[in-house]
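# Architecture at a glance
Residues per chain are reported as follows:
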Amino acid sequence: MVAGVADQPIPGNGDPISEEEALRRLRLSDDPSAQYYAAWWLGRNRSSHPDAVPLLQEALRLRRPRDPGAGVEENAVARNAARALGKLGAPAQASIPDLLATLQDDDHGLREAAARALGELRASEAVEPLRQRLASGPAVAGAQQPGTPRLQEPCEALLEALGEIGEGRQEVVAVIEPFVQHERPLIRSAACRALLQLTGDARWGDQLVALLQHPQLQVRRAALMDLGAAGWRQALEPIAATLAENSLKLIALRGLVEQSSSAAPEPTAPSALTPDPATVAVLDAMDALL
Amino acid sequence: MTTLSVQDLVDAVRQADSALGLLQATQALAAAAHPDGAACLVEVLGFNNTGAAVAAVDGLIAIGEPAVDTILTNIDGYNYGARAWAVRALAGIGDVRGFEVLEDALGKDIGPSVRRAAARGLGQLRLEGLEPEPRRAMAERCLTALVDGCRDGEWVVRYAVAVGLELLAPAVHPDLAADVGPQRRLHEALQSLHCNPTEEAPVVSLRAALALQRLGVSHG
């Protein structure tokens, strides 16, 4: 949903630091809060330092018993390391085997972070393990864990990762489709997003557009982000008219410009950019929301 | 409707006891576009109700210049959401009395939504009523603030800066400015947004390209 778009606020240690300092802190294996912040920092600032990926791979292997007195909770450093690796692009491809191993961890939050990172890295190798995690369907993988608000699997992240990776084989689509009927609207939204990315079939876009009218703001926000991620141009007017913050509508419309297959601009050659009329219509809608 | 006074409309906003009720009462007050409703509309900006805030901003813009003093004296220094809406209202009204607030907001505010509204507003101040000399000076101050804004860390603010620069372009045309310098700076700023090799958001490059195209400046 919004992960990867809006970074989670980082409690404490929010001071501006240099890349060298972030790498130094990530090496402080007896100071989890320093490592927690350092891992977040390296992802947020898209570090390309050659030490960043190896150090984050090490941090991804850190497992700590829960210590209620500690400022940083169990496995939080590893979660932030996974999130950071997802943002580091090509150099982080080397960490895909580590992230695949993390996808099998007992910790729900770690599986979630690993799935999102694998999606961001467009890791083809992850398609089959992601598919298997969802294969038991909404009634098992998508069932609520007793005593917690969590589902058995981090379905939203798993679905979104499959959509991001973009390999729409029939057996992948077949596993995702039942989640369009999940009782939680956020899961339905994630499933529609993935199916729209994988198939381009308008019915999934139409379902996401319908969710823009949902009575809960949280659901409308998710549908905005999902339409943006899928670059679904037909949603331009419904997005602009949604009852939600302009900031989120702007992010969604940016997605319509950048993710749309008809007009994906090439960032390495900006001089070649000349917006076509459909793109100008999206830009005009963005201008009106500033 | 004609029997309701502005005070009745204000009372309805203050007595609203649901989000929907607040939205509807605010829309009614905004539609009246009466200066006596401005203070109440400014209050609504701080209620954390997006729909009502949108309606209140529309109402303040419809009231126009008579609302400016009320907005300026009530800008909330603590509520970022409310300040973003107030800056947006000032940007929409375009009164030059809002300049300092917009300049300060773009340069210093920690809320990206405030900075982006300010960037757009700095491009659309209504300078036509000013004498030639203060008009040139004001246009150049807007330009300087926007040029500095090109380095903002948030893509949406850089995007808004591109929009603001496009809107400001007529005010720095050589026919109005002392020389071609301001126009050249404006074009260079757009070109830097368009060709910035570290730009993470292609949409920013694209918007700057559109601005250059509309201004008849070759790019790339």
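Residues numbered from 1 in each chain as written. Chains lettered and ligands numbered in written order. Predicted model: local features only at pLDDT ≥ 70, side-chain atom pairs only at ≥ 80, totals over all residues.

On to the interface of chain B and chain A. Chain B puts 22 residues into the contact, and the matching count from chain A is 20 residues. For the side of chain B that touches chain A, the secondary-structure elements that each account for two or more residues are α4 (50-63), α8 (112-123), α10 (155-168), α11 (181-195) and α12 (202-214) of chain B. Here the element with the most residues in the side of chain B that touches chain A is α12(B); it accounts for eight residues. Taken together, the residues of the side of chain B that touches chain A break down into eleven nonpolar, eight polar and three charged. (Contact = placed C-beta atoms within 7 Å. Helix = DSSP H or I, 4+ residues; strand = E, 2+ residues; numbered from the N terminus. Nonpolar A, V, L, I, M, F, W, Y, C, P; charged D, E, K, R; others polar.)

Residue and element names in this part refer to chain A. Within helix α7 (residues 127-134), burial applies to L130, R133 and L134. Along α7, the residues classed as buried sweep out an arc of 95° about the axis, all on the same side. Where α7 is buried, its residues contact α6 (108-120), α8 (155-165) and α9 (170-176). (Buried ≥ 20, exposed ≤ 12 C-beta atoms within 10 Å, placed from the backbone. Arc of directions from axis to C-beta.)

Next up on the list: the confidence of the model for chain A. Residue and element names in this part refer to chain A. This prediction gives chain A a mean pLDDT of 89; 87% of its residues lie at or above 70. The least confident element of chain A, judged by mean pLDDT, is helix α2 (residues 32-44) at 94; the most confident is α7 at 98. Low confidence marks residues 1-12, where pLDDT is under 50. Its contacts with residues over four positions away, or in another chain, come to 17 contacts. The model gives residues 262-271 a pLDDT under 50, and that stretch makes 17 contacts with residues more than four places away or in other chains. (pLDDT = per-residue confidence, 0-100.)

In this section: the packing of α10(B) against α11(B). Residue and element names in this part refer to chain B. Relative to each other, α10 and α11 sit at 150°, their axes nearing to 10 Å. With respect to α11, the axis of α10 lies roughly antiparallel. For the crossing formed where α10 meets α11, the hand is left-handed. Counted together, R158, V161, A162, L165 and L168 of α10 and L186, A189, L190 and L193 of α11 form the full contact between these two elements. Residues that form the contact of α10 with α11 fall into these classes: eight nonpolar, no polar and one charged. (Axes fitted to C-alpha atoms, helices over the stretch in contact; angles between N-to-C directions. Parallel < 35°, antiparallel > 145°, perpendicular 65-115°, else oblique. Left-handed = near helix turned anticlockwise from the far one by under 90°.)

Quick look at helix α14 (residues 246-259) of chain A now. Its 14 residues place the ends of α14(A) 19 Å apart at the C-alpha level, agreeing with the 20 Å of an ideal helix rising 1.5 Å per residue. Extensive coverage of α14(A) is indicated by the burial of eleven of its 14 residues. Burial in α14(A) covers these residues: N246(A), L248(A), K249(A), L250(A), I251(A), A252(A), L253(A), R254(A), G255(A), L256(A) and V257(A). For α14(A), the elements touching its buried residues are α12 (217-230), α13 (236-241) and α15 (277-289) of chain A together with α10 and α12 of chain B. (Expected span 1.5 Å × (residues − 1).)

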